[in-house]
Amino acid sequence: PNMAEGRIAYEKQIRQWFMTHGQNGRVTEFTLFPLRLGSTMVCSGECFKCSAHGYITAMCPAPEMS
């Protein structure tokens, strides 16, 4: 949750991830990085442009934002 206890728990998870995988560790489906609320899961297939599933951002049919 986005409250003091949740932020403290999230920061603890981040520190633990870096202790396990190092500062240059790669985030993959096997080395999952702690997510914030509303974040997309690694390898979820979500388009980063429109948040839909089923295609990559380069193929997104949504119009460009200006």
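As a starting point, this report considers the structure included with it.

Check the secondary structure of the chain and you find 1 helix and 0 strands. Looking at the 66 residues of the chain, the share that counts as buried comes to 15%. Within the chain, contacts between residues separated by at least 24 positions form 11% of all contacts whose residues are at least 6 apart in sequence. Per element, the accessible surface of the chain, about 5,700 Å² overall, is 60% carbon and sulfur.

Here we come to the packing of aromatic side chains. Counted under the stated rule, the structure contains 1 aromatic pair. Ring geometry for W17 against F18: centres 5.2 Å apart, planes inclined by 85 degrees, an arrangement best described as edge-to-face. Looking at W17, the relative accessible area reads 6%, which means it is buried.

Basis of the calculations
- Residues numbered from 1 in each chain as written.
- Predicted model: local features only at pLDDT ≥ 70, side-chain atom pairs only at ≥ 80, totals over all residues.
- Heavy atoms only, no water.
- Helix = DSSP H or I, 4+ residues; strand = E, 2+ residues; numbered from the N terminus.
- Buried < 20%, exposed > 50% of the residue type's maximum accessible area, 1.4 Å probe, protein only.
- Contact = heavy atoms within 4.5 Å.
- Areas by Shrake-Rupley, 256 points an atom, 1.4 Å probe, with all protein chains shown as cover.
- Phe/Tyr/Trp six-rings, centres within 6.5 Å; stacked < 30°, edge-to-face > 60°.

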